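If you want the building blocks of each chain, they are given just below.
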Amino acid sequence: GIHAGIDRWAQELNSIGVAVFLVDSFSGRGMSSVPPDPSNDSVMWMIVDAYRALGVLAQHPRIDPQRIAIMGWSTGGPVAIYTSMERLWRSYGPPNIQFAAHIGFYGSCAVVYRDEEKVTGKPIRLFHGTADDLELIEPCRAYVARLKKAGADVALNEYAGVQHAYDWFMFKEPLKLPQARTVRNCSLVEGERGQLVDTTTGKPYDPTVSCNDRGGTLLYNEPAAVATTAAVKEFLKTTFGLKP
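Residues numbered from 1 in each chain as written. Predicted model: local features only at pLDDT ≥ 70, side-chain atom pairs only at ≥ 80, totals over all residues. Heavy atoms only, no water.

Considerations on the overall build of the protein
- Of the regular secondary structure elements, the protein holds six helices and 12 strands.
- Computed over C-alpha atoms, the radius of gyration of the protein comes to 17 Å, within 12% of the 18 Å expected from 2.2 N^0.38 for 244 residues, which places it in the range of a compact globule.
- With respect to the principal axes defined by its C-alpha atoms, the protein has extents near 50 × 45 × 40 Å.
- For the protein, with 244 residues in total, the buried portion stands at 48%.
- A separation threshold of at least 6 residues defines the contact pool for the protein, and within that pool the share at least 24 residues apart is 73%.
- Of the roughly 12,100 Å² of accessible surface on the protein, 52% is carried by carbon and sulfur atoms.
- In the protein, the 25 positive side-chain charges and the 26 negative ones have mean positions that sit 4 Å from each other. (Helix = DSSP H or I, 4+ residues; strand = E, 2+ residues; numbered from the N terminus. Rg over C-alpha atoms; globule rule 2.2 N^0.38 Å. Buried < 20%, exposed > 50% of the residue type's maximum accessible area, 1.4 Å probe, protein only. Contact = heavy atoms within 4.5 Å. Areas by Shrake-Rupley, 256 points an atom, 1.4 Å probe, with all protein chains shown as cover. Lys, Arg positive; Asp, Glu negative; His and termini not counted. Charge placed at Lys NZ, Arg CZ, Asp CG, Glu CD.)

What follows is the structure, given as structure tokens:
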């Protein structure tokens, strides 16, 4: 949900003249944290939330509808990235308005979605620590390689030895989450009618018996956080055509 780390980002973006709209996909559904099943469902309803937010902002008198980007962290990382998919935008997005940029932080790339390489053409940027033990970086490297091969404007910014939630200043000491569920060991593909398939078994993904694992660490890393903040600001300045 929304916390002090996200609010810090809002302040940073406000400082370069960018308005911020914070979307809380949890509270309205009576939830206080990430769903216990880290599967396809939560990502998809959050994607719908994101498109609804885009539609609202596009009508706001003080917002340029052609300069609205999306950012997401952890569970929200795939939401920020996969809203770039053309078929999802055509199915759920507002007509004639697309996100101008997609920025995802240390999210899962464990699912290979159907037609994921067919994107809107807007730039996509990922940020991930190589020591992240909650959402592994290797599937994101593969995702970026697939999109690059298809000609997408996509890049993965890697930070050596950095763990999950490295830009959230609240976690200056390691926070162990032994019960956190993760699909870090999964290799999933989207099958017919949106069903996920576990490629190791060839059977439908079942969070109770499939590849799910538990445990992970959150830890702030100041040098990586500073570098990421600067990179995102510069990226948005360029994308939005902001003057110095």
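There is more to say after this.
Quick notes on the nonpolar core
- Membership of the largest hydrophobic core comes to 40 residues, with the highest contact counts inside it found for Tyr82, Ile124, Leu126 and Tyr143.
- Breaking this core down by element, the ones donating at least two residues are α2 (40–58), α3 (76–82), α4 (86–92), β4 (124–129), α5 (138–149) and β5 (154–159).
- A total of eight residues in this core trace back to one element, the largest contributor, which is α2.
- Apart from the residues lying within four places of it in its own chain, the contact partners of Leu126 are Ile81, Gly104, Cys109, Cys140, Tyr143, Val144, Val154, Ala155, Leu156 and Asn157. (Core = buried A, V, L, I, M, F, W, Y, C linked by side-chain atoms within 4.5 Å.)

Focus: the pattern of salt bridges
- Inspection of the entire model under this criterion finds 13 salt bridges.
- In this structure, Arg29 and Asp49 form a salt bridge, with 2.8 Å as the shortest nitrogen-oxygen distance. Of the two residues, Arg29 sits in the loop between α1 (4–14) and α2 while Asp49 sits in helix α2, which places them 20 residues apart along the sequence.
- Judged by its relative accessible area of 39%, Arg29 falls in the partly exposed class.
- Classification of Asp49 as buried rests on a relative accessible area of 18%.
- One salt bridge in this structure joins Arg125 and Asp153, with 3.0 Å as the shortest N-O distance. Remark: Asp153 occurs in the loop between α5 and β5 and Arg125 occurs in strand β4; sequence separation between them is 28 residues.
- On the basis of relative accessible area, Arg125 is assigned to the buried category, the value being 18%.
- Judged by relative accessible area, which is 38%, Asp153 ranks as partly exposed. (Salt bridge = Lys/Arg side-chain N within 4 Å of Asp/Glu carboxyl O.)

Comments concerning empty space enclosed by the protein
- A full pass over the atoms with the stated rule returns three cavities of 30 Å³ or more.
- Forming the walls of the largest cavity are 15 residues, and the residues nearest its centre are Gly77, Ile81, Gly107, Cys109 and Leu126.
- Within the residue set of the lining of the largest cavity, elements represented by two or more residues are α3, β2 (101–105), β4 and α5.
- For the lining of the largest cavity, the leading source of residues is α3, giving four residues.
- By residue class, the composition of the lining of the largest cavity is 10 nonpolar, five polar and no charged.
- A volume near 50 Å³ is recorded for the second largest cavity.
- Lining the second largest cavity are Gly107, Ser108, Cys109, Ala110, Glu135, Leu136, Pro139, Val183, Arg184 and Cys186.
- Tallied by class, the residues present in the lining of the second largest cavity amount to six nonpolar, two polar and two charged. (1 Å grid on protein atoms, 1.4 Å probe; cavity = no way out; pocket = protein on both sides within 12 Å on 5 of 7 lines; lining within 4 Å. Points joined across faces, edges and corners; volume = space filled by probe spheres on them. Nonpolar A, V, L, I, M, F, W, Y, C, P; charged D, E, K, R; others polar.)

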